[in-house]
Amino acid sequence: MRSNDVLGFIFAGTLDDKIPELAASRTTASVPIGGKYRLIDFVLSNMSNSGINNVGIVAKSNFLSLTDHVGSGSAYDLSKRRSNLTLLTPYGGKSFSNLVETIYNMHGYIEHCREEYVLIEQGNVVTNFDYSALFDFHSKNNADITLVYKKGIIPAGYDRPITIDADASGKVNQIFVKPDNTAEESDFMYGSLLIRKELLMNEIRSALSLNQLDIKRVLQDAVGKFRVFAFENKGYTAFISSINSYFAFNMDLMKKEVRDELFNPKRPIYTKVRDDAPSRYGLESKVKNSIIAQGCVIDGEVENCVISKGVYVGKGAKLSNCIVMQDTKIGTYTNLNYVIIDKDVQIKDGRSLMGFDSYPSYIAKKSVV
């Protein structure tokens, strides 16, 4: 299988309802993460690095931020003559209520593309994944459908998770939806799959004719009818399915081994470039174990924090275990601990806010505290 014979198809609004604070003014895939990235950067970079040059992004609402960030796809090397990035937004009153109807309503776009295969991905997953290994596995096994799974505890926020029972060769024997043992380690599918385009559209049309609108039931019915295989993602993977998982991932970035795996120079993670001056640190500033993007002014104390571009931290301020998004202004002598601060927030002098590692406080975009 050639990588340029695969169409990338990304659902940007995965689990929007599970992170209502962060997704109030943007779709899940455009949530800022890691100081200078958005969630969409990881899956787009993985596709580009693996040779996929035609990608469609399905966004059902709040897609202005996503549109502004991905643009024409040039940051991901997807704007050349033989490559393309398309943002697929609601049109004609078509339903985006479930994946079966959504895929069917995009049939014109999907069938117009020349690629033979479709790689479906979700917009809430952070990983550095080499799809070429998946393509080789799919071809070697002459598979009709290959599901990508992760071994571990099912993340919070997945209401009807899918677990997989496969043999030693990877052939799927059974798919379970909402199993009883969700607190135990299992092989769970997180929404990534590779399938022939013709087979996908035939199964979607068949499901609609039977009023079967649950994509998970469609996958269950495929076992036995087709050659369904499972491929394990063995690398570091974070699933942004709750405000706690968002906070935990950003804190994970303090670990060198996590950064080294995610930001592998052989498979770089691309993002929209915003040129800024280097960050400036005042004479009385103290910074420990933190990620600080360019264009910041730090005059206070920062520890275990992820600070995005253009943030100002005033003199005497103390920040610990915080995530601060772009262009936020933090006044003098403030005290913040376990706080997630969205973009363009102003925190006035002398304010104190505190959450906990299992329940971080959140300050909405453009708020004044």
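Attention here is on the structure that accompanies the text. Per-chain numbering applies: the sequence of each chain, read as written, is numbered from 1 onward. The predicted nature of this model means local features are confined to residues of pLDDT at least 70 and side-chain atom pairs, given and counted, to a pLDDT of 80 or more, with totals for whole chains, interfaces and linings taken over all residues. In computing side-chain values, all of the structure's heavy atoms are included and hydrogens and water are not.

Overview of the nonpolar core
Quick reminder of the rule: Residues belong to a common nonpolar core when they are buried Ala, Val, Leu, Ile, Met, Phe, Trp, Tyr or Cys residues joined through side-chain atoms within 4.5 Å. Think of it in three bands: with a 1.4 Å probe and only protein chains considered, a residue is buried below 20% of the maximum accessible area for its type, exposed above 50%, and partly exposed in between. What counts as a helix is a DSSP run of H or I of at least four residues, what counts as a strand is a run of E of at least two, and both are numbered from the N terminus. We call two residues in contact whenever any of their non-hydrogen atoms come within 4.5 Å of each other.
In terms of nonpolar packing, the biggest core is built from 36 residues, with Ile-40, Leu-44, Val-55, Ile-57 and Leu-134 touching the most fellow members. For this core, the secondary structure elements donating two or more residues are β1 (6–11), α1 (39–49), β4 (54–58), α2 (64–70), β6 (117–122), α5 (131–140), β11 (186–196) and β12 (228–232). Once residues within four sequence positions are removed from consideration, Val-55 is found in contact with Leu-7, Gly-8, Ile-10, Leu-44, Met-47, Leu-78, Asn-84, Leu-85, Thr-86 and Tyr-109. Grouped together as the second largest cluster of nonpolar side chains are 35 residues, Leu-147, Tyr-149, Ala-222 and Val-223 included.

Quick look at the environment of Asp-349
Just so we agree on the cut-off: Any pair of N or O atoms that falls within 3.5 Å is considered a polar contact. Within protein, one atom must be able to donate a hydrogen and the other to accept it, and sequence-neighbouring residues count only if both atoms are side-chain atoms.
Here Asp-349 shows up in the loop between β26 (346–347) and β27 (352–354). Along the primary structure Asp-349 and Ala-238 are separated by 111 residues, whereas in three dimensions their C-alpha atoms are 35 Å apart. Among all residues touching Asp-349, those that are not within four sequence positions of it are Gly-331, Thr-332 and Thr-334. Within the structure, the side chain of Asp-349 is placed 2.9 Å from the backbone nitrogen of Thr-332, a separation counted as a polar contact.

Observations concerning the sheet that holds strand β18 (residues 301–303)
Short version of the rule: A pair of strands is treated as paired once DSSP finds two or more bridges between them. As a rule, the C-alpha atoms of each element are fitted with a line to give its axis, helices using only the stretch in contact, and angles between N-to-C directions run from 0 to 180 degrees.
Taking strand neighbours across the sheet as the criterion, the 5 strands line up as β15-β18-β21-β24-β27 in an open arrangement whose pairing is parallel. The sheet terminates laterally at β15 (286–288) and β27, the two strands that pair on one side only. Put simply, the sheet's adjacent strands are angled 5 degrees from each other on average, direction ignored. Looking at chain direction, strand β24 (residues 335–337) and β27 are connected through 3 bridges and run parallel. Residue pairing in the sheet places Asn-337 in a bridge with Met-354 of β27.

Notes on the environment of Thr-127
With respect to the element layout, Thr-127 can be found in strand β7 (residues 125–127). On the basis of relative accessible area, Thr-127 is assigned to the buried category, the value being 5%. Along the sequence, Thr-127 and Met-354 sit 227 residues apart, while their C-alpha atoms lie 30 Å from each other. Polar side-chain contacts of Thr-127 include one of 3.4 Å to the side chain of Asn-233. In this structure the side chain of Thr-127 is engaged in a polar contact, spanning 2.9 Å, whose partner is the backbone oxygen of Tyr-236.

Keep in mind these values describe shape, not function.
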